[in-house]
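# Chains, contacts and geometry: an overview
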Amino acid sequence: MSSQSEFAPSVLDAVPVMPVVVLDSLEHAVPVARALVAGGLPAIELTLRTPVALEAIRAIASEVPEILVGAGTITTPAQAKEALEAGAQFLVSPGTTRSLLHAMQDTGLPFLPGTATVSEVLAALEAGCSEMKFFPAESSGGTAYLKAIASPVPAARFCPTGGITLASAPSYLALPNVGCVGGSWITPADALAAGDWDRVTRLAAEAAALG
Ligand code: 3PG
């Protein structure tokens, strides 16, 4: 089986804050991607939680080439393949089963398998993945938990997400085993619904300044 390090460059080093986006309207895909780029965050994790998500990835991949577009909330092996076919450049899952991990590896894309326990972290490492998502970060122990596992499991690097804010992000980013954090606060539902792309750009710029 291939190891993660043989794939493309690290997703964790692309941006300090990965915008985690839930999109209801396909026509918002390209403007939101452009707003993030304008704010200095050229990466987006488009979650597969809405019917338009795969088409939104396809639109962003073809119309906003300057952004790194990934598919989040991968929960089935089929979704990993669908995301690849839609043009996703990386994959993120909230948790990890063996078949999900194999399906993500089979795409050849960089990916962050979701973990929340030391056993899950060890299983990901055993499978050749040293970079992973830590989810749900705040309710799974937050920075204290990540600090506690840095010494016994030094090989693992994380993108914590779930409950992180602009205010709490710096304490995560200061940890040696954190590459970036993820969060939905940069693209709030009301800003997307209103088409308030200036607000998204402002929120992205605040987050980009944490890097
Ligand atoms: C995720 O999928 O990473 C989370 O839903 C993002 O969590 P947040 O909405 O609390 O930022």
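Before reading further, recall that the structure is shown in the block above.
Residues numbered from 1 in each chain as written. Predicted model: local features only at pLDDT ≥ 70, side-chain atom pairs only at ≥ 80, totals over all residues. Heavy atoms only, no water.

### Re the overall build of the protein chain
Note the threshold: For helices the rule is a DSSP run of H or I covering at least 4 residues; for strands it is a run of E covering at least 2, with both sets numbered from the N terminus onward. Both definitions apply: the radius of gyration is a C-alpha atom measure, and the globule rule equals 2.2 Å times residues to the power 0.38. We call two residues in contact whenever any of their non-hydrogen atoms come within 4.5 Å of each other. With residues, only the protein chains shown are counted as cover, and all accessible areas are computed by Shrake-Rupley using a 1.4 Å probe. Just so you know, the count uses Lys and Arg for positive and Asp and Glu for negative, and it drops His and the chain ends. By convention, the charge on Lys lies at NZ, on Arg at CZ, on Asp at CG and on Glu at CD.
The number of helices and strands found in the protein chain is nine helices and nine strands. Radius of gyration (C-alpha) of the protein chain: 16 Å, near the 17 Å computed for a compact globule of 211 residues. Oriented by its inertia axes, the alpha-carbon framework of the protein chain measures out at about 45 × 35 × 25 Å. Contacts in the protein chain between residues at least 24 apart in sequence constitute 60% of all its contacts with a sequence separation of at least 6. A total accessible area of about 8,700 Å² is found for the protein chain, and carbon and sulfur atoms account for 56% of it. Of the charged side chains in the protein chain, 10 are positive and 19 negative, and the gap between their average positions amounts to 3 Å.

### Some thoughts on the site of the ligand
Stated precisely, the cut-off is as follows: Proximity is defined per residue: any heavy atom of the residue falling within 4 Å of a molecule or strand makes that residue near it. Polar contact is defined as a pair of N or O atoms within 3.5 Å, subject to the rule that within protein one atom must be able to donate a hydrogen and the other to accept it, and that residues adjacent in sequence are counted only when both atoms are side-chain atoms. Each residue receives one of three labels: charged for Asp, Glu, Lys and Arg, nonpolar for Ala, Val, Leu, Ile, Met, Phe, Trp, Tyr, Cys and Pro, and polar for the others, Gly being one of them.
Inspection of the region around the ligand gives Val20, Arg49, Lys133, Phe135, Thr161, Gly162, Gly163, Gly183 and Ser184 as its neighbouring residues. The contact in question runs from an oxygen atom of the ligand to an N or O atom on the side chain of Arg49, over 2.4 Å. Here an oxygen atom of the ligand sits 2.6 Å away from a polar atom, N or O, in the side chain of Lys133. Burial of the ligand by the protein amounts to 81% of the accessible area it has alone, namely 310 Å². Along the lines of polarity and charge, the residues of the shell around the ligand split into two nonpolar, five polar and two charged.

### Considerations on the sheet that holds strand β9 (residues 181-183)
Our working rule: Here, any two strands with at least 2 DSSP bridges between them count as paired.
One open sheet holds the six strands; their spatial order is β5-β4-β3-β2-β1-β9, and the pairing between them is parallel. With one partner strand each, in any of the chains shown, β5 (111-112) and β9 form the two edges of the open sheet. As paired strands, strand β4 (residues 90-92) and β5 are joined by two bridges and run parallel to one another. Across the sheet, residue Leu91 finds its bridge partner in β5, namely Phe111.

### Some words on the environment of Thr117
In this structure, Thr117 sits in the loop between β6 (114-115) and α5 (118-126). Sequence-wise, Thr117 and Tyr145 are 28 residues apart; in three dimensions their C-alpha atoms are separated by 9.5 Å. Side-chain polar atoms of Thr117 contact the backbone nitrogen of Glu120, separated by 3.1 Å.

### Quick word on the pattern of salt bridges
To keep things clear, this is the line we draw: Definition used for salt bridges: Asp or Glu carboxyl oxygen within 4 Å of a side-chain nitrogen of Lys or Arg. Using a 1.4 Å probe on the protein chains alone, a residue whose accessible area is under 20% of its type maximum counts as buried, one over 50% counts as exposed, and one in between counts as partly exposed.
In this structure the tally under the stated criterion is five salt bridges. Here Arg157 makes a salt bridge to Glu131, at a shortest N to O gap of 3.0 Å. You can see Arg157 sitting in strand β8 (residues 157-160) and its partner Glu131 sitting in strand β7 (residues 131-134), a full 26 residues away along the chain. Judged by relative accessible area, which is 25%, Arg157 ranks as partly exposed. The exposure class assigned to Glu131 is buried, which follows from its relative accessible area of 14%. In this structure, Arg199 and Asp190 form a salt bridge, with 3.3 Å as the shortest nitrogen-oxygen distance. For Asp190, a relative accessible area of 49% corresponds to the partly exposed category. If you follow the salt bridges from partner to partner, you end up with Asp13, Glu131 and Arg157 in one network.

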